[in-house]
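# Breakdown of the fold
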Protein chains: 2
Amino acid sequence: MQRYFAKEKINDEFILQDDDLYHIKTVMRMKNGGQVEVVYENNVYLCNLNIDSSIHIIVDSILEKRENNEPEVILVLPFLKEQKIDLILQKGTELGINKFIFIETERTIVKVDEKKEQSKLDRWSRICKEASEQSMRTDIPTVEILRDKEALGQMDGLKLLCSTKERDKTIKNFLKNNTKCDKIILMIGPEGGLSSKEEMYFENKGFAKITLGTQIMRVETVPIFLASIIRYEYME
Amino acid sequence: MQRYFAKEKINDEFILQDDDLYHIKTVMRMKNGGQVEVVYENNVYLCNLNIDSSIHIIVDSILEKRENNEPEVILVLPFLKEQKIDLILQKGTELGINKFIFIETERTIVKVDEKKEQSKLDRWSRICKEASEQSMRTDIPTVEILRDKEALGQMDGLKLLCSTKERDKTIKNFLKNNTKCDKIILMIGPEGGLSSKEEMYFENKGFAKITLGTQIMRVETVPIFLASIIRYEYME
């Protein structure tokens, strides 16, 4: 069944976003009484459609309440080419990442003008929302741009940095020794990796350097790999 | 350093493929004496270029000999839309898959005409070759189309089938209990999954049904997830 995220709940009715209303009416061609799933504040509701001039959705029954034992996963990543970012956001959402934080790094080639930040964030959030609906998630990952990297020092949780220099400490090591953690913050570098100076800076902010093994992956493959193995490691 | 797969070795010279020669000459603009890595029969050679009218590559020294403790990973998958197949081949190669076997399934929407098989295989093999070079693999995954599914019964190894019906037996279970296996054969279904009849057919051919958990992934994400967790599980 099709799933949509509501933007508001008024009494027993959900208010959906305009593009979702368009999807229901014009793409799905649904009629009064048709059923959809609506997600609101992490709960999933089975709903009957009540389509008037505007669309209201009447709650029918609560279908599911979210239970989540996986840790919160935050990905810190540099700006990359749009196509790579799109893939990371889509696949990362499917695989359970909860938050994407974009930063500028020394070897970042792609720059995001501060004036264009909001339109980028809107676009990226839309990709996450669509991927969340498709993969039946009950939450939508958030996306932000962080200009002041100092803030990463104040975050708590298991903080790991994918290093191109580290040879011995594998990600497996860290995950095996932290099977009860409730927040993981993963940092990846751009093509060419983080500089030694940057790695040192982030180490001082509490990040542990790790290696993903000897094989080389494209930059956009790394977060997909990371999200996969975290989901696997915390699978029942 | 740029890496190429040789098609032949004659005494101390390697013969490369025409498109690689084009890449060296025209894209990389390399000159006599320039160095590249050449992979031949799973060995990596550091080589000096000797560019004449045609290009010969003279062996300089053996740089690396492949050591591999990971199991051989074979992915059996349905025909899908080109874009999805391209992503699976590229990411699957980066993440260590050794062979891709395409089959037709009941719910396969995309058909591959037998007359067009060879041109498809050529294209797919080229994607694997490029991804192997980029990710510094010392082998290139093979790609085949299997019309007679009976043959899957004769293959040995740990045979797993991603089922949409199985609820309890997770992939984690199977990998944890088979930490010393040297061949894993993974079968995935198309959008909508394999039919019950197909699942039963493959169970009779020795495949065990598994679930990847309750979350839903797009069909092209499944093999990337699988290749990631196998790489992780067999990581030192």
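Everything here concerns the structure above.
Everything quoted here is computed from the prediction, not taken from an experiment. (Residues numbered from 1 in each chain as written. Chains lettered and ligands numbered in written order. Predicted model: local features only at pLDDT ≥ 70, side-chain atom pairs only at ≥ 80, totals over all residues. Heavy atoms only, no water.)

### Brief notes about the sheet that holds strand β8 (residues 142-145) of chain A
Residue and element names in this part refer to chain A. The cut-off we apply is this: Two strands qualify as a pair provided that DSSP identifies no fewer than 2 bridges between them. Under the scheme used here, helices are H or I runs from DSSP no shorter than 4 residues and strands are E runs no shorter than 2 residues, and both carry numbers assigned from the N terminus. Fitting a line to C-alpha atoms yields each axis, with helices limited to the stretch in contact; the angle taken between N-to-C directions then spans 0 to 180 degrees. Any pair of residues with heavy atoms lying within 4.5 Å of one another is described as a contacting pair.
Taken together, the six strands give an open sheet; going across it, the order is β8-β7-β6-β10-β9-β11, and neighbouring strands pair in parallel fashion. Because the sheet does not close on itself, it has two edges, and the strands there are β8 and β11 (208-210). Averaged over all neighbouring strand pairs, the angle between strand axes comes to 25 degrees, with direction disregarded. Where strand β7 (residues 99-103) and β8 come together, four bridges link them in parallel fashion. Paired with lysine 99 across the bridge in β8 is threonine 142. Against the sheet, helix α2 (residues 82-94) contacts β6 (72-78) and β7, and its axis sits at roughly 155 degrees relative to β7.

### Side note on the interface of chain B and chain A
The line we're drawing: Buried area is understood as the total, over both parts, of accessible area removed when two parts are fitted together, assessed with a 1.4 Å probe. Only one rule defines a salt bridge in this text: a Lys or Arg side-chain nitrogen within 4 Å of an Asp or Glu carboxyl oxygen. Side-chain atoms alone can form a polar contact between residues adjacent in sequence; in general such a contact is a pair of N or O atoms within 3.5 Å, and within protein one must be able to donate a hydrogen while the other accepts it. Each residue is assigned to one of three groups, with Ala, Val, Leu, Ile, Met, Phe, Trp, Tyr, Cys and Pro labelled nonpolar, Asp, Glu, Lys and Arg labelled charged, and all others, Gly among them, labelled polar.
Across the contact, 32 residues belong to chain B and 32 residues belong to chain A. Interface of chain B and chain A: buried area, both sides summed, is about 3,000 Å²; carbon and sulfur atoms make up 57% of it. Of all residues in chain B, Lys172(B), Arg218(B) and Tyr232(B) bury the most surface against chain A, accounting for 24% of the area lost on that side. Taken together, the links from chain B to chain A amount to four salt bridges. Remark: the boundary between chain B and chain A carries 18 residue pairs in polar contact (both at pLDDT 80 or more). If one sorts the elements of the side of chain B that touches chain A by residue count, helix α7 (residues 221-233) of chain B sits on top with eight residues. A class-by-class count of the residues in the side of chain B that touches chain A yields 14 nonpolar, eight polar and 10 charged.

### Some words on the pattern of salt bridges
All names here are of chain A. Rules: When accessible area is computed with a 1.4 Å probe and restricted to protein chains, residues below 20% of their type maximum are described as buried, those above 50% as exposed, and intermediate ones as partly exposed.
Taken as a whole and assessed by the stated rule, the structure comprises 48 salt bridges over all chains. Measuring nitrogen to oxygen at the nearest pair gives 2.7 Å for the salt bridge that ties arginine 123 to aspartate 86. Here aspartate 86 lies in helix α2 and arginine 123 lies in helix α3 (residues 117-134), a separation of 37 residues in the sequence. Its relative accessible area of 21% is what places aspartate 86 among the partly exposed residues. One salt bridge connects lysine 205 with glutamate 150, and the closest N-O pair in it is separated by 3.6 Å. Highlighted residues: lysine 205 in the loop between α6 (196-204) and β11 and glutamate 150 in the loop between β8 and α4 (151-154), separated in sequence by 55 residues. Look at glutamate 150 and you get partly exposed, because its relative accessible area is 38%.

### Thoughts on unusual backbone geometry
Residue and element names in this part refer to chain A. One non-glycine residue, arginine 29, lies in the positive phi region at around 50 degrees. Among the structural elements, arginine 29 can be located in the loop between α1 (18-27) and β3 (35-40). Looking at arginine 29, the relative accessible area reads 63%, which means it is exposed. Phi at methionine 136 takes a positive value of approximately 60 degrees, unusual for a residue other than glycine. Mapped onto the secondary structure, methionine 136 falls in the loop between α3 and β8.

Purely geometric numbers; function is a separate question.
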